Amino acid sequence: MTDTITTNYTRADFQTDQEVRWCPGCGDYTILAAVQTFMADLGLPKEQMVFVSGIGCSSRFPYYMNTYGLHSIHGRAPAIASGIAVARPDLSVWVVTGDGDALSIGGNHLIHALRRNMNLKILLFNNQIYGLTKGQYSPTSEKGKRTKSSPAGSPDAPFNPVSLALGAEATFVARTIDMDRKHTVEVLQAAHEHKGTSFIEVYQNCNVFNDKAFIELTGKETRLENRINLEHGQPVIFGPEGENAVVLEDGAARIVPTDSVAAGDILVHDAHAPDPSAAFALSRLSHGPYGPTPIGVFRDVARSTYEQDVKQQLVDAQEQKGAGDLSKLIRSMGAWTVE
Amino acid sequence: MSDDTATIDTPVPADIEIEEIDKVIIRFAGDSGDGMQLAGTRFTADSAIFGNDLSTLPNFPAEIRAPAGTIPGVSSFQVQIADYDILTPGDEADVLVAMNPAALKANLIDLRPGGMIIANEEAFEERNLAKAGFETSPLDDGSLAGYRVFRVPMERLTKEAVKDTGVTGRNVLRSKNFFALGLISWVFNRPLEASIDWVESKFGKRPELAAANVASLRAGHNFGLTTEAFHHTYNIKPAKLPPGEYTNVTGNTATAWGLIAASQAARLPLFYGTYPITPASDILHELAKHKNFGVRTYQAEDEIAGVGAAVGAAFAGHLAVTGTSGPGLALKSETISLAISMELPLVVIDVQRAGPSTGLPTKVEQSDLLFSLYGRHGEAPLPVLAARSASDAFEITIEATRIALKYMTPVILLSDNYIANGSEPWQLPDTDALPDIGVKFLTEPNADGRYVPYLRDPATLARQWAIPGTPGLEHRLGGLEKHEVVGNVSYDPSNHQLMTELREWKIRNIANDIPELEVDHDVGAELLVLGWGSTYGAIRAAAKRVRRDGLPVATAHLRYLNPFPINLGAVLNEYRYILVPEVNMGQLRKLIRAEFLVPAMGFNKVQGLPFRVSEVENKIREIVTS
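Values in this document were obtained by computation on a predicted structure and should not be read as measured data. (Residues numbered from 1 in each chain as written. Chains lettered and ligands numbered in written order. Predicted model: local features only at pLDDT ≥ 70, side-chain atom pairs only at ≥ 80, totals over all residues. Heavy atoms only, no water.)

Colleague: Would you mind showing me how to read the pattern of salt bridges here?
Modeller: Between side chains of opposite charge, a pair can form when the charged atoms approach closely. Residue and element names in this part refer to chain B. The final tally for this structure, using the stated rule, is 41 salt bridges over all chains. Taking the shortest distance from any N to any O, the salt bridge between Asp 110 and Arg 27 comes out at 2.8 Å. Taken as a pair, Asp 110 in the loop between α2 (101–107) and β6 (111–120) and Arg 27 in strand β2 (residues 23–31) lie far apart in primary sequence, 83 residues in all. Residue class for Arg 27 comes out buried when judged on its relative accessible area of 8%. Between Asp 110 and Arg 612 there is a salt bridge, with its nearest N and O atoms 2.5 Å apart. Placement of Asp 110 in the loop between α2 and β6 and of Arg 612 in the loop between β23 (601–604) and α20 (613–624) is noted, with a sequence separation of 502 residues between them. One connected set of salt bridges, linked through shared partners, spans Glu 399, Arg 402, Lys 406 and Asp 513. (Salt bridge = Lys/Arg side-chain N within 4 Å of Asp/Glu carboxyl O. Helix = DSSP H or I, 4+ residues; strand = E, 2+ residues; numbered from the N terminus. Buried < 20%, exposed > 50% of the residue type's maximum accessible area, 1.4 Å probe, protein only.)

Colleague: Teacher, can you tell me more about the sheet that holds strand β15 (residues 410–416) of chain B here?
Modeller: Picture the strands of a sheet paired through backbone hydrogen bonds; they go either parallel or antiparallel. Residues and elements named next belong to chain B. Within the open sheet, the seven strands sit side by side as β11-β10-β12-β13-β15-β14-β21. Their pairing is mixed. The open sheet is flanked by β11 (296–299) and β21 (560–562), the only strands paired with a single partner. If you compare each strand with its neighbour and ignore which way they point, the axes differ by 20° on average. Bridge analysis of strand β14 (residues 384–386) against β21 gives two bridges, and the strand direction is antiparallel. (Pairing = 2+ DSSP bridges. Axes fitted to C-alpha atoms, helices over the stretch in contact; angles between N-to-C directions.)

Colleague: What's the story with a negative patch on the surface in this structure? I'm lost.
Modeller: Taken together, the side chains of Asp 15, Glu 17, Glu 19, Glu 20 and Glu 228 of chain B present a region of like negative charge at the surface. Along the chain, Asp 15 of chain B falls in the segment before β1 (17–20). (Patch = residues over 30% accessible without salt bridge, like charges linked within 9 Å, V, L, I, M, F, W, Y side chains within 5 Å. Areas by Shrake-Rupley, 256 points an atom, 1.4 Å probe, with all protein chains shown as cover. Lys, Arg positive; Asp, Glu negative; His and termini not counted. Charge placed at Lys NZ, Arg CZ, Asp CG, Glu CD.)

Colleague: Explain the packing of aromatic side chains to me, please; I cannot follow it from the model alone.
Modeller: Here the distance between the centres and the angle between the planes together describe a pair of aromatic rings. Residue and element names in this part refer to chain A. Scanning the model with the defined rule gives 24 aromatic pairs over all chains in all. Ring plane angle 80° and centroid distance 5.7 Å describe the contact between Trp 22 and Tyr 29, whose orientation is recorded as edge-to-face. The class of Trp 22 is buried, set by a relative accessible area of 6%. What links up through ring pairs into an aromatic cluster is the set Trp 22, Tyr 29, Phe 38, Phe 51, Phe 61, Tyr 64, Trp 94 and Phe 125. (Phe/Tyr/Trp six-rings, centres within 6.5 Å; stacked < 30°, edge-to-face > 60°.)

Colleague: Please clarify how unusual backbone geometry should be interpreted in this entry.
Modeller: Of all residues except glycine, most have a negative phi; of all peptide bonds, most are trans. Residue and element names in this part refer to chain B. Along the chain, Thr 278 connects to Pro 279 via a cis peptide bond; the corresponding omega equals 0°. Mapped onto the elements, Pro 279 comes out in the loop between β10 (270–274) and α10 (281–288). That bond from Asn 562 to Pro 563 is cis: its omega, -10°, falls within 30 degrees of zero. Along the polypeptide, Pro 563 turns up in the loop between β21 and α18 (568–573). The backbone of Ser 357 shows a phi angle near 55°, a positive value even though the residue is not glycine. Assignment of secondary structure puts Ser 357 in the loop between β13 (346–352) and α13 (369–374).

This is the structure in structure tokens:
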């Protein structure tokens, strides 16, 4: 994939002639706008971009991006995108998925896409609900959640998507919020620059079936109290006046009043740390957007990418054996002639 | 006897009688850890190089190491070699090599009366006899009186042969399969050189193992030479096959090579997305060896991801292939429907095995035919082809690829365990004369300055393939119904009717682009034996036999199961009787009856084994003489 800027795009270049059919007020609109703006500014030729999705509200996304795209089947976007990425390392491949698509029916494909470290950028729109099927609990819904399919409360314990991604050997893991377009674009940029699989959890409001799920992080009164901004190399301090800090104790992250600890004891966020333990500890500070929740890039480490390793194997094989010769191949197990 | 005193160069005693025979069927049988597959494969390779016609039937348990000495743990390898054109591995064996009592018990039923048994006599001791359910040793109790039994102290002789080679412990007796191979090579006058070369290259990094195997091989050969019991030996001349160059090939290898050839013929890089499954995995193994052909093998996390990645690669412009067996085909079903909806080229190889569920993973069945045709949700037609033999697999694989690319459709290619693991000589094609099956990617807009993905070629009804990286042709494909030309999502009722019909007609129209069904007809024949897939050899051989008695019969074999050859209906109407032998409960028969309203009769076997020639022969006789 080339990073040379070759074109001058505007957001309109990435819009399609398809009518966008999300519900009015859906968080997906702001994410779409952020992605289109980001792509225009990035300047990568749009024919080199592929958006692949599964099934769900978020998965309509490729229809609205004027790039190459596939709207595939439920849960399978990472699998299909992996084929594109392995076949064509020259392309920029993006996966758009949701909490049901990626973490329920497609959970297996997600974790394997993360461990392989392919050139895939995975955007998981987490609204903690099944929207397209009209309001059942999802694998990120809180335990006890009352929905159409759980009138007495969901008996399921939810996934923490960031913890899951870190556990699946992901090399780039981030979280952002639909309402914060500037932050979303920053995270998209970092994900794009990362070589390998990038995983971005986007907190996305479903105003029809699960409205205000993220209000503690987006509401005027609470957002400053609850949003823990992660910045590489910076001490993890948050709150309107920076009055709270995160420290690591016995491997676990804990929130303490900033003035109760020595400055040197406050956790300094290291997204590039080879060991994911501190990133994992940060991810355990919240299980859903309730109370103080870290936002930003948890992990961003370098590792060789799958498709480049595969490509290198092809190059090595040609160097060692020469270009394939079919005539020789079919005689390779011994041949004889009948006169 | 020691290897030092009798070598391969020992002069042949004057009293050796060599009898010319035209064919022999040998079955190597032992514990699954005894190396019988290897002994059989090596004997086959040596016979192939010698120029015999041959056909093989490996038969092994699904367990890697079933309990030693028991009947479930028995593994066997049958090979028929002949000086004429044969079509099957044969029905009853002439020679049975039995490495233990369980192997004897499990295989004796398939040995012809008067056949030769070569028994590894030391294994016939109390514990092994009990495990096999013998109360007394069949070698001693007279129960084998109807056979020619040769007791060979293989273990003692192997130990002696390898004593100076440096192998120790369990490796000492590991070589006894080579002893058996050496002895059989003596009895049937096969040269040892090729097997010695093979051992030396295979075990090059473990010289002591190479030395032990070669010593055992020679010891077995020399045992035959020096033991009077084996002074009557047999010779089978090279077969008079059509002139040309041949190699011995299994169906899985031929399929893998066919894919590489198709990739070259289409000038597209090959992408094979798959998940390991018996008996298809050897296609993956073979392809993974040939990265210098630009082959990308992708071992996915599951069957769904295997086909999913292939669909992605197809979108990206590669020759996309997935391979599996029945349970995996079930898992791939939804993604194949997606490829039908998106109209992307994809080759799906199903190496069938006995089902349902896990079934008999190492045994043959032809029971995925209806699943291939109809095992998808919605109206989801696709072409289905079937290889008829190991040597046919190469060509039919290229043909499946041709259809997938030309018609922008997934194609299912059926093979099965018998074809996959069995081998036979294959006349090598001229690799410079492969058909050109390349297609052109679209590079320019095809409608008023833009690309509409579902604009079709009026002749083939195929849409045009535009791949990522092509400026100006950005487009989105998906599983939702789309407008008949523009490709945008469409919920219009009449558009869905039209698209459903277009997808159907696109596949039906392929009947005009495939060869007509050839019939091997005798004057006066009233019976047509119609087959598909791996029953080819048994049906042809059975017809040969009844014809020797002057009985007229016709045979035809379908390589195209959807659409059928255009003349199939006319062919069927020419016969009073139609017999459809299948290794399933009658799936092709059902199709034939439904499509052509003819009273086709079934002949069905589901024992995890291919038809014997005699079974088909007797059925034909029954009908023809009734």
